[in-house]
Amino acid sequence: MRKRGLKDVKRRNRQVVVEAVMENGGLSRVEIAQKTELAPSTVTSLVGELLSDGVLTEAGTVITAGRSRKELTVNPAYGSIAVIEISRKETCVTCFDMLLSPVRTAVLSKRYVSGNELLSLIIRYIDSLREEIPPVVGIGLLFQEDMRESDFRVMFSTSLSSATITLADALKTQFKIPIEEEYSLTYTVTNALAKEADADIRNSAHISVGSRVLANITLEGQEVPLRSNFCEELALVLDRQDSRQKDSAGQTVVQYLANLITVLCMLFPLDTVFLSGTQLPAEDAVQELYRLASGKIPGGKIPQLKFLRPGPLGDGSRVLARQVLRKSLMIR
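Residues numbered from 1 in each chain as written. Predicted model: local features only at pLDDT ≥ 70, side-chain atom pairs only at ≥ 80, totals over all residues. Heavy atoms only, no water.

### A word on the pairing of strand E13 (residues 272-276)
For step 1, the next point in the chain: Across the five residues of E13, five count as buried, placing the element largely inside the fold.
For step 2, the next point in the chain: Pairing of strand E10 (residues 204-209) with E13, which is carried by five bridges, proceeds in the parallel orientation. Across the sheet, Ile 207 pairs through a bridge with Leu 275, a residue of E13.
For step 3, the next point in the chain: Here E13 pairs with strand E14 (residues 304-307) via four bridges, running parallel. Of the residues in E14, the one forming a bridge with Leu 275 is Phe 307. (Buried < 20%, exposed > 50% of the residue type's maximum accessible area, 1.4 Å probe, protein only. Helix = DSSP H or I, 4+ residues; strand = E, 2+ residues; numbered from the N terminus. Pairing = 2+ DSSP bridges.)

### Quick notes on unusual backbone geometry
For step 1, the next point in the chain: In the Ramachandran plot, Glu 37 falls in the positive-phi region, its phi being about 65 degrees despite a non-glycine side chain.
For step 2, the next point in the chain: By the element assignment, Glu 37 lies in the loop between helix H2 (29-36) and helix H3 (40-53).
For step 3, the next point in the chain: Overall, Glu 37 belongs to the exposed group, its relative accessible area being 72%.
For step 4, the next point in the chain: Although it is not a glycine, Leu 100 sits at a positive phi angle of roughly 65 degrees.
For step 5, the next point in the chain: Counting through the fold element by element, Leu 100 comes out in the loop between strand E4 (91-96) and strand E5 (102-109).
For step 6, the next point in the chain: The buried category is assigned to Leu 100, whose relative accessible area is 8%.

### Some words on the sheet that holds strand E9 (residues 179-183)
For step 1, the next point in the chain: With mixed pairing, five strands are arranged side by side in an open sheet as E5-E4-E3-E6-E9. The two strands at the open ends of the sheet, each matched to only one other strand, are E5 and E9. Strand-to-strand twist of the sheet, defined as the mean angle between neighbouring strand axes without regard to direction, takes the value 20 degrees.
For step 2, the next point in the chain: Pairing analysis gives five bridges linking strand E6 (residues 136-143) to E9, with the strands arranged parallel. Residue pairing in the sheet places Gly 140 in a bridge with Glu 180 of E9. (Axes fitted to C-alpha atoms, helices over the stretch in contact; angles between N-to-C directions.)

### Quick look at the sheet that holds E14
Where strands meet in a sheet, backbone hydrogen bonds hold them as pairs that are either parallel or antiparallel.
For step 1, the next point in the chain: If you walk across this open sheet you meet the five strands as E12-E11-E10-E13-E14, and the pairing is mixed. Single-partner strands in this sheet number two, and they are strand E12 (222-224) and E14. Sheet twist, expressed as the mean angle between neighbouring strand axes with direction ignored, is 25 degrees.
For step 2, the next point in the chain: Bridging between E10 and strand E11 (residues 213-219) involves six bridges; their strand directions are antiparallel. Residue pairing in the sheet places Ala 205 in a bridge with Ile 217 of E11.
For step 3, the next point in the chain: Contacting E13 and E14, helix H10 (residues 285-294) runs over the sheet at an angle of about 150 degrees to E14. (Contact = heavy atoms within 4.5 Å.)

### Let's talk about the pattern of salt bridges
For step 1, the next point in the chain: Applying the stated criterion across every chain yields a total of 12 salt bridges.
For step 2, the next point in the chain: Across the pair Lys 10 and Glu 49 runs a salt bridge, and its minimum N-O distance is 2.6 Å. Of this pair, Lys 10 sits in helix H1 (residues 2-24) while Glu 49 sits in helix H3, and the two are 39 residues apart along the sequence.
For step 3, the next point in the chain: Residue classification places Lys 10 among the partly exposed positions, given a relative accessible area of 41%.
For step 4, the next point in the chain: When its relative accessible area of 26% is taken as the criterion, Glu 49 is described as partly exposed.
For step 5, the next point in the chain: Between Arg 322 and Glu 23 there is a salt bridge, and its shortest N-O distance comes to 3.0 Å. Of this pair, Arg 322 sits in helix H11 (residues 315-330) while Glu 23 sits in helix H1, placing them 299 residues apart in sequence. (Salt bridge = Lys/Arg side-chain N within 4 Å of Asp/Glu carboxyl O.)

Set out below in structure tokens:
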């Protein structure tokens, strides 16, 4: 037990050192000790191992106040991170170096692919990079729109058996490196809400409008599960109740969202409703949403509505690349 405990402490200290260098760029051993509050002797030992493993590198010598110090950074040549973005229109890949600068981009397919076809495309592309960039040490899978892991299961065979497994597990078996999965809907709400005040998200709903409409509820900071087909069932009910001719597709979406917000407000004490997604109505629709929903909610007490617009293209890939990078640097 004692050996395991010491090994865990060392692994944790190693992680702390790498995190400090990742977050602050060039640091000397003394500065790492100051930022991590680890003993200088511990830092010296860990840095020596990380240099030997190729995780860190000495970027150069800097003279400050008459004293020289050697700066340490993550070694750009240690490896590369590949992030695969999978949508219903295409599958593309961006490769990053250890400093999270893009070094390669490619479109793997200009049509929807899944299962073993997608697995083969990824494997062939990763193998083709061997002579061009440092070895891929981690892969991120960023599923766009309303895609789910269950849409991408593959038949994977070994010399002993065959089984249907997830795309991530198949890639992990193939390359023996960390594989991280993320969903753009989750990414959007998680990162966008991270910028909101706790009071706003404590009792809230998140509605994502894409090829499907999805809703999540948070009460007192805890997620409340809804049936996966909750929004589809409501849409069917509304279609039966309302046979009037709609003026436009945009107006239909606004009317449906107003009804969905009304139902959610009747079921849950919501203070804020966040709306996001690829098919989200224009932001000027917020007034129409207020008008339609407030006329149906008892007392007209409609929660605050906030539109979560996507950030600059590639933000999701870079955020996921950082997660994969962190994990790939911690595995040894």
